[in-house]
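Per-entry structural report
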Amino acid sequence: MTRQDAFMTMTEIADALAHGQFTSVEITRLYLDRIAKANGKLHAYVSVDEDLAISMARAADERRAKGVSLSQLDGVPFAAKDLCELKGTVTTAGSQAWIDRRSELDCTALMKCLQAGMVMLGKTHMVEFAFGGWGTNPIMGTPWNPWDLQTHRVPGGSSSGSGVAVAAGLAPAAIGSDTGGSVRIPSGLNGLTGLKTTRGLISLHGAASLSFTLDTIGPMVHSAEDAALWTAIMAGPDPLDKSSLNHPPFVWDITSTLPAKPLLGVKLGVLPPEQYPMGVDPDELAAFEAVCATLKTLGAVIEPLRLPFDFHDLMVRNGQIIAAEAYALHQAYIEDENLPLGQYVRQRILGGKSITAAQYIEAIKHQRASGAQYVHLMQGFAALITPTFPFPAIPLTEVDEAQTPMAAFCRAGNYLATCGLVLPAGLSKNGLPLSVQLMGKPFDEVNILKLGVAVQAVTDWHRQRPDLDTLGI
């Protein structure tokens, strides 16, 4: 198999498997070989079980030979963020303090993938306890953004290893989680398509939590079509997670052939620049304009949509809820100086200690009211378009851990309890990925994914890949 095969979409891999172009064992071996060569540099995976992966792939091939398929993605490899519990195995949630902690339960989303016949390559590195947007992890190590092999740049967080693994062709897809942008930020900084799902669409049972109000799970992939196919597998009610019950089902039914103007009459809002939470890099602004122009050529109507709230304020409020709930989860040991906990994550979690019950209740009340206000505002609009981040990936040496600029446009989606899709939008003058976000309405993932599919049908931004020749892969 060739290097190019490692960058196929899940959809393309599934089609090739169905037509006998290669086997699941062959494509799985391709990824395992690439991981063996490049993970030392890129630090995407915290653990890989080659024997288990090959066994899963072999079982998929045997099923296919007998005319049996468990799902459209049967035999397709993937990676999982290391907060997905798998009974009897180590799940660190990015913390060296949990390096010997063995899971006592199974993550429902992960189990749905395995039950669909998908092949798990391994677990990916992440920001400790999923609390950080830069993607840094000073103790367990920060994954290396593959778009610059000379300078160690931020991979985005907290699903840092998942973003790096897919961008570098060490997996065709990876599970991420998103509490304040943790699927969208690393997807954007690594040139990927990432879906932040509405809380409740995908069960959170067995996923180590950061915030029980804001946590979500979503796919990090090469295309919007991949995100749709994989979400269809992971979504659905789970009696082990009450937040997943009584929601409209996720049904993906788009045809493979789109009309010339697939978005004719679809109304989209754009956040006016004067409402941006901070200044945006010129390259990122140009990418934003290019995506808007593409949407217009597809028939969409784009109008300014002024919001009654401030994105920066929502970002701060979102952080307060995360800190309060993270402290409640980790209070038993977060102040133990004998534990190998990262300085900055410890500080963020301890920030929740001083939040009073009255302040927390008021924050939740404001969050729910803001969400309802957003739904009312979005009537008649399919999505709100924003930049994904204010600037492309910066060197680790320039990171200010006290600031959260990468979450400036993303945290609002969690606070407003809605869904969001980020799409690759070309490269900066320095060759770094640019990205645009489509914020939808709660449980309206299908419609924003259709927007993504339409854009990617007429552009090749999602086909751009980093130069990894120096790694021999």
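Now for a look at the structure at hand. (Residues numbered from 1 in each chain as written. Predicted model: local features only at pLDDT ≥ 70, side-chain atom pairs only at ≥ 80, totals over all residues. Heavy atoms only, no water.)

**Comments concerning helix 1 (residues 10–18)**
Each α-helix turn comprises 3.6 residues. Residues three or four places apart therefore point the same way. Within helix 1, the full set of buried residues consists of Met 10, Thr 11, Ile 13, Ala 14, Ala 16 and Leu 17. Looking at the buried side of helix 1, the elements it contacts are helix 2 (24–42), helix 3 (50–65), strand 6 (217–221) and helix 7 (224–234). One or two residues past the end of helix 1 sits Gly 20, with phi positive at roughly 70 degrees. (Buried < 20%, exposed > 50% of the residue type's maximum accessible area, 1.4 Å probe, protein only. Helix = DSSP H or I, 4+ residues; strand = E, 2+ residues; numbered from the N terminus. Contact = heavy atoms within 4.5 Å.)

**Notes on the sheet that holds strand 11 (residues 433–439)**
Strand order in this open sheet of eleven strands is 1-3-2-4-6-5-10-11-9-7-8, and the pairing throughout is mixed. For this open sheet the edge positions go to strand 1 (45–48) and strand 8 (301–304), each flanked by a neighbour on one side alone. Each strand axis lies, on average, 30 degrees off the axis of its neighbour in the sheet, ignoring direction. Pairing geometry for strand 4 (residues 174–177) and strand 6, over four bridges, is antiparallel. The residue bridging Ala 174 from the neighbouring strand is Met 220, located in strand 6. Along the sheet face, helix 2 touches strand 1, strand 2 (77–81) and strand 3 (119–124) and points at about 20 degrees away from the line of strand 3. (Pairing = 2+ DSSP bridges. Axes fitted to C-alpha atoms, helices over the stretch in contact; angles between N-to-C directions.)

**So, the pattern of salt bridges**
One pass over the full model with this rule turns up 16 salt bridges. Asp 82 is the salt-bridge partner of Lys 123, the closest N and O atoms lying 3.1 Å from each other. Taken as a pair, Lys 123 in strand 3 and Asp 82 in the loop between strand 2 and helix 4 (108–115) lie far apart in primary sequence, 41 residues in all. Each of the two residues, Lys 123 as well as Asp 82, counts as buried. (Salt bridge = Lys/Arg side-chain N within 4 Å of Asp/Glu carboxyl O.)

**Some thoughts on the packing of helix 2 against helix 3**
Interhelical geometry of helix 2 versus helix 3 gives an angle of 160 degrees and a closest axis separation of 8 Å. Relative to helix 3, helix 2 is oriented roughly antiparallel. In this structure, helix 2 crosses over helix 3, and the sense of that crossing is right-handed. Facing Ser 24, Val 25, Thr 28, Arg 29 and Leu 32 of helix 2, the residues of helix 3 in contact are Glu 50, Ala 53, Ile 54, Ala 57, Arg 58, Ala 60 and Asp 61. Of the residues assigned to the contact of helix 2 with helix 3, the class counts are six nonpolar, two polar and four charged. (Parallel < 35°, antiparallel > 145°, perpendicular 65-115°, else oblique. Left-handed = near helix turned anticlockwise from the far one by under 90°. Nonpolar A, V, L, I, M, F, W, Y, C, P; charged D, E, K, R; others polar.)

By themselves, these figures tell us nothing about what the structure is for.
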